[in-house]
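Coordinate inspection notes
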Amino acid sequence: MNQIKTNFFIRLTIMILLFSTVSNCGDEKKEKTQELAEKGGGEEQLYRPNFHFTPKNNWMNDPNGMFYLDGAYHLFFQYYPDDNVWGPMHWGHAVSKDLVNWDEKEIALFPDSLGYIFSGSAVVDQLNTSGFGNGTIPPVISIFTYHDPKGEQEDRIDFQYQAIAFSNDKGESWTKYEGNPVLPNPGIKDFRDPKVVWDARRQQWVMALATYSETYFYGSKDLKSWSFLSSFGKDLGAHGGVWECPDLFPMRVTGSEETKWVLIQSLNPGSANGGSGTQYFIGDFDGKTFSLDPDFKNQLDQHKAIWLDFGRDNYAGVTWSNIPKEDGRTLFIGWMSNWDYAQVVPTETWRSAMTIARELILEKDSLGYKLKSIPAREFMDHVNYKPEQRNLEIDGPFKIAGPVEANLSNAVIEISFKTDTKANYTFELSNDFGNILKFGLDNQKQSLFIDRQNSGKTEFSQKFASSISYGQLRKMEGELELLIILDKTSIELFAEGGGTVMTEIFFPDEPMTHLTLTASDNTLVIKSVAVGQLER
Ligand code: FRU
């Protein structure tokens, strides 16, 4: 009892000290923000995305704890409210009814004496297995990593452990569980990012956890007591960096009754085009072990790693929980940045945006299983297209849009054109300042590419534009259908129905205003092209 009291007073003193420093920092920060606004708010105008989520102020990284409940999509995120670089992590919170318009809420979880609040997930405990419910509505439970900075400084290896918090008001307010941590550290330095899913068949909760170079799975009946099930991945996939932010979930294969389990696994560095990126695996889960599908294993043997997104700016993405059965979709969002340069990109008021919300689709064809990503239906519902143009044959560059036809900082373009096996096809998104973002199809490499070397500000990091990024296409079919999503500082490319996706950011000196397509052999046969604007 005395011990509890002493702890309480120590915590209280720490809280008071923290509060006074935080409010001083808060004042300084306000002044800094004010100063920026007075400078003309240039970056707000130029760089604040039109339709990608950004926090109003300061630093954001991974999406966390996403769940859907009663018409609202909740998005939590790694957040440092006191500076525009990474720091003691909180969970920020935003809510959307349509996955396009986001309303930023109060901070959901604050660091405390157990540590910073690192990445994790949230589930709606429909059966009240945790016992946290109050009998009226199902409780929402968040499962996250505590990262103890003191332990880290002391060079211990056990400074990351898993904990839970619950909400009885649909995610508005949270109470941390007094029995935390629920999963202590077993002696593994990188031991984090719990993503929990309900395994209906076995009536158990399953946690996927990143442990340096593997994914560990744990099972629980009540979200409070966890036991080790198995590990996966030691010699599989990409291992150029630390594994982070896994996500294991079942998916129905499109057009069949078959269910497969998908494991998404981010890693940093070591991705397809350098730095942070996300790979995936397809297999089966028997309640204990995740085993790779043999077809998928063949693909993996050929390619070494299979990427969810080949671009440099889609990291730590995971899926929403509690999507209603009648809906049945698997919805995903990622952090649209890369640890190679995230902390130095040229915005000051806030740093980082999320990708658009995407739907994941599992397909099987003669080449095996494939996890595709497409924009969430709600996003596409906000696009207002101009009349489509069809069957154009053009010698020389084709002007898709200029300042009169479209706002290219807020555009969705669908284009389908014939591809000759010897020619390259290059889109140029440019402005009168001379910035050019190039992207398109490189036939020799059988790949999409994005080249941001001359796209505007790049000098803030040597790693930002040191090379061209490529995204391997599966089939070269003589025709390319491309969906291009442009915001002020990002491009999201979807080819082969979402089988090859590339997401990258860029920082032009003034808005991009022209978009053209050129074939290296000067022959373009465009089957259709439609330019749309996103309306919110
Ligand atoms: C991934 C990550 C996670 C960790 C969080 C800390 O970007 O490193 O592994 O939980 O960010 O902010």
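Residues numbered from 1 in each chain as written. Predicted model: local features only at pLDDT ≥ 70, side-chain atom pairs only at ≥ 80, totals over all residues. Heavy atoms only, no water.

**Description of the domain arrangement of the chain**
Domain annotation for the chain reports domain 1 (8-373) and domain 2 (383-534). Using only C-alpha atoms to locate each centre, domain 1 and domain 2 end up separated by 30 Å. Facing the 38 residues of domain 1 at the interface are 40 residues of domain 2. With both chains or domains summed, domain 1 and domain 2 bury close to 3,200 Å², and 56% of this area falls on carbon and sulfur atoms. It is Tyr 47, Phe 51 and Phe 310 in domain 1 that bury the most area against domain 2; as a group they hold 19% of the surface buried on that side. (Domains from an automatic or database assignment. Contact = heavy atoms within 4.5 Å. Buried area = accessible area lost by both parts, 1.4 Å probe.)

**Some words on helix α4 (residues 294-303)**
For α4, the complete set of buried residues consists of Phe 296, Gln 299 and Leu 300. The arc enclosing the buried residues of α4, seen along the axis, measures out at 100 degrees, which places them on a common side. Turned more than 90 degrees off the buried face of α4, the exposed positions are Pro 294 and Gln 302. The secondary structure elements touched by the buried residues of α4 are β15 (277-285), β16 (290-292) and β21 (368-375). N-capping of α4 is provided by Asp 293, with a side-chain oxygen placed 2.9 Å from the backbone N of Asp 295. (Buried < 20%, exposed > 50% of the residue type's maximum accessible area, 1.4 Å probe, protein only. Helix = DSSP H or I, 4+ residues; strand = E, 2+ residues; numbered from the N terminus. Arc of directions from axis to C-beta. Polar contact = N/O pair within 3.5 Å; in protein donor to acceptor, adjacent residues only side chain to side chain.)

**Digging into the site of the ligand**
Around the ligand, the structure places Asn 61, Asp 62, Gln 78, Trp 86, Met 89, Phe 118, Ser 119, Arg 192, Asp 193, Glu 244, Tyr 315 and Trp 339. Gln 78 is positioned such that a nitrogen or oxygen atom in its side chain is 2.7 Å from an oxygen atom of the ligand. Between the ligand and Glu 244 there is a distance of 2.9 Å, counted from an oxygen atom to a side-chain nitrogen or oxygen. For the ligand, the protein covers 95% of the area, taking 320 Å² as the surface of the free molecule. Those elements giving two or more residues to the shell around the ligand turn out to be β1 (58-69), β5 (116-124) and β9 (192-199). Its residues assigned to classes, the shell around the ligand shows 5 nonpolar, 3 polar and 4 charged. (Near = heavy atom within 4 Å. Areas by Shrake-Rupley, 256 points an atom, 1.4 Å probe, with all protein chains shown as cover. Nonpolar A, V, L, I, M, F, W, Y, C, P; charged D, E, K, R; others polar.)

**Let's talk about the pattern of salt bridges**
Under the criterion given, the structure shown has 30 salt bridges. For Glu 214, the salt bridge is made with Lys 234, and the minimal N-O distance between the two is 3.8 Å. Remark: Lys 234 occurs in the loop between β12 (227-232) and β13 (242-252) and Glu 214 occurs in strand β11 (residues 214-220); sequence separation between them is 20 residues. Overall, Glu 214 belongs to the buried group, its relative accessible area being 12%. Connected through shared salt-bridge partners, Asp 190, Arg 192, Asp 193 and Glu 244 make up one network. (Salt bridge = Lys/Arg side-chain N within 4 Å of Asp/Glu carboxyl O.)

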